[in-house]
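# Inside the fold
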Amino acid sequence: MNSPQVHSADVLRDESRGNDLEVLVQAITSVESLVAGWDEAHTLTVEALKSAIEDLHKEALKRLIRALKDDPAANARMRDALTDPVVYGVLRFHGLIKAPLSERVNQALDEVRPALAGHGGDVELVAIKPPDTVELRLLGSCHGCPASGQTLSEGVEKAIRAHCPEIIHVNQVSRAAPESRGDGSSTIHFISPFALHANSGWLDAGLTTEIPDGGVSERKIKGRSLLLAKRGDQISCFDNSCAHLGMPLEMGEVKDGVITCSYHGFQYLLETGECLTAPEVQLKVHAVRVTGNRVQVRLEE
């Protein structure tokens, strides 16, 4: 069998069409479509040649970048060159530059959204504050979940840091205090979707009836002071420690789902532990579940 022939007139780009990225990619795609119809032996040969050429180009580009990166003037020119879509696209293809931070953050959020959606929740990117901070808003049932802190730390934060190691702070944006529930719903959102398979480590925290509706109750578990709060059918658990100066919260005033620290007036949502006074901090949240009429908590370090 004769080797298949590729006629340059069929695949080469006319110079008059320009050198934009789309045209260049279309030229490659047209060749790939042609090769796809060849037999396996010829296809494998072309793939091997393609890989060898790509490896050669990647190594040359790596050496070029390595030679220039320590020169401040050259470094600045290289950053300018990245605004060219062809340069940017080729370097991205070879893995020599990272995707933009916003793209990587959104990719991380897309990875955790299915787990959140399975429980009626979602996450929204509010802001990226270079060099190291992301602000998020939990939506749906995740907003009212007392384990929202665990959802952030065990799910969202891990995904973001896997894609964006430069991100140090992942902050949940506070909202106004929730309105009182009037739909008669008996659904209790106790556990972060990222803790559903954690079958061990649950500790008894007493009866549901021991927590006043619309109020809070302090518990000592494993030498740790915890604050349990109940509002309707929802129970939440936090460290009994104000995020401001660590003062106990059990004597604070509770009104409309908000507790006010009796020492310095910091206010927190009892559904989520979010701080209304200083949005950059929040109470340490622990997962809660109810078995029969008993409350169980799972302490987070």
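If you're wondering where the values come from, they're calculated on a predicted model, not measured in any experiment.

### Points about the layout of surface pockets
Estimates place the volume of the largest pocket at around 790 Å³. What lines the largest pocket is a set of 23 residues, and nearest its centre among them are Ile-28, Glu-32, Lys-50, Glu-54 and Phe-93. In terms of residues, the lining of the largest pocket owes the most to one element, helix H2 (residues 21–35), which gives nine residues. Partitioning the lining of the largest pocket into residue classes produces 14 nonpolar, five polar and four charged.

### Some words on the pattern of salt bridges
Enumeration over the complete set of coordinates arrives at 14 salt bridges. Between Glu-166 and Arg-104 there is a salt bridge; the shortest N-O distance is 2.7 Å. Of the two residues, Glu-166 sits in the loop between helix H7 (148–163) and strand E3 (169–172) while Arg-104 sits in helix H6 (residues 101–117), which places them 62 residues apart along the sequence. With relative accessibility at 28%, the residue Glu-166 sits in the partly exposed group. Taken together, the salt bridges that share partners define one network made up of Glu-59, Lys-62 and Arg-63.

### Section: the sheet that holds strand E6 (residues 224–231)
Taken together, six strands build an open sheet; the order of strands is E4-E12-E11-E7-E6-E5 and the sheet is antiparallel. The sheet is open, and its two edges are formed by strand E4 (202–207) and strand E5 (215–221), each paired on a single side. The sheet shows a mean angle of 30° between the axes of neighbouring strands, direction not considered. The pairing of E6 with strand E7 (residues 234–239) spans six bridges and is classified as antiparallel. By the bridge assignment for E7, Arg-231 is matched with Gln-234.

### Description of the nonpolar core
Judged by nonpolar contacts, the single largest core of 16 residues is most densely connected at Leu-109, Val-123, Leu-136, Ile-160 and Ile-167. Of all elements in the fold, only H6, strand E2 (133–140) and H7 reach the threshold of two or more residues within this core. Sort the elements by how many residues they give to this core and H6 lands first, with six residues. Core analysis: the second largest hydrophobic core is formed by 15 residues, Leu-227, Phe-238, Cys-242 and Leu-283 among them.

### Considerations on the sheet that holds strand E10 (residues 267–269)
With antiparallel pairing, the three strands of this open sheet are ordered in space as E8-E9-E10. Only two strands of the sheet have a single partner each, and these edge strands are strand E8 (253–255) and E10. Pairs of neighbouring strands in the sheet enclose a mean axial angle of 25°, with direction left out of account. Here E8 pairs with strand E9 (residues 258–260) via three bridges, running antiparallel.

### A few points about the confidence of the model for the chain
Across the chain, the average pLDDT comes to 79, with 79% of residues at 70 or higher. When the elements of the chain are averaged for pLDDT, helix H1 (residues 8–11) gives the smallest value, 44, and E9 the largest, 93. Every residue in residues 6–18 scores below 50 in pLDDT, and together they form 13 contacts with partners more than four places removed in sequence or on other chains. Note on residues 175–191: pLDDT is under 50 here. Beyond four places in sequence and across chains, it has 41 contacts.

### A short note on H2
For an α-helix the count is 3.6 residues per turn, leaving residues at separations of three or four pointing the same way. In this model H2 runs 21 Å from its N-terminal to its C-terminal C-alpha over 15 residues, within 8% of the 21 Å that 1.5 Å per residue would give. Of the residues making up H2, those classed as buried are Val-23, Ala-27 and Val-35. When H2 is viewed along its axis, its buried side chains cluster within an angular range of 125° and face the same direction. In H2, the exposed positions angled more than 90 degrees off the buried face are occupied by Glu-22 and Ser-33.

### A short note on the pairing of E7
Burial within E7 is extensive, with six of its six residues counted as buried. Across two bridges, E7 lies against strand E11 (residues 285–291) in antiparallel orientation. The residue of E11 that forms the bridge with Phe-238 is Val-285.

Conventions used here
- Residues numbered from 1 in each chain as written.
- Predicted model: local features only at pLDDT ≥ 70, side-chain atom pairs only at ≥ 80, totals over all residues.
- Heavy atoms only, no water.
- 1 Å grid on protein atoms, 1.4 Å probe; cavity = no way out; pocket = protein on both sides within 12 Å on 5 of 7 lines; lining within 4 Å.
- Points joined across faces, edges and corners; volume = space filled by probe spheres on them.
- Helix = DSSP H or I, 4+ residues; strand = E, 2+ residues; numbered from the N terminus.
- Nonpolar A, V, L, I, M, F, W, Y, C, P; charged D, E, K, R; others polar.
- Salt bridge = Lys/Arg side-chain N within 4 Å of Asp/Glu carboxyl O.
- Buried < 20%, exposed > 50% of the residue type's maximum accessible area, 1.4 Å probe, protein only.
- Pairing = 2+ DSSP bridges.
- Axes fitted to C-alpha atoms, helices over the stretch in contact; angles between N-to-C directions.
- Core = buried A, V, L, I, M, F, W, Y, C linked by side-chain atoms within 4.5 Å.
- pLDDT = per-residue confidence, 0-100.
- Contact = heavy atoms within 4.5 Å.
- Expected span 1.5 Å × (residues − 1).
- Arc of directions from axis to C-beta.

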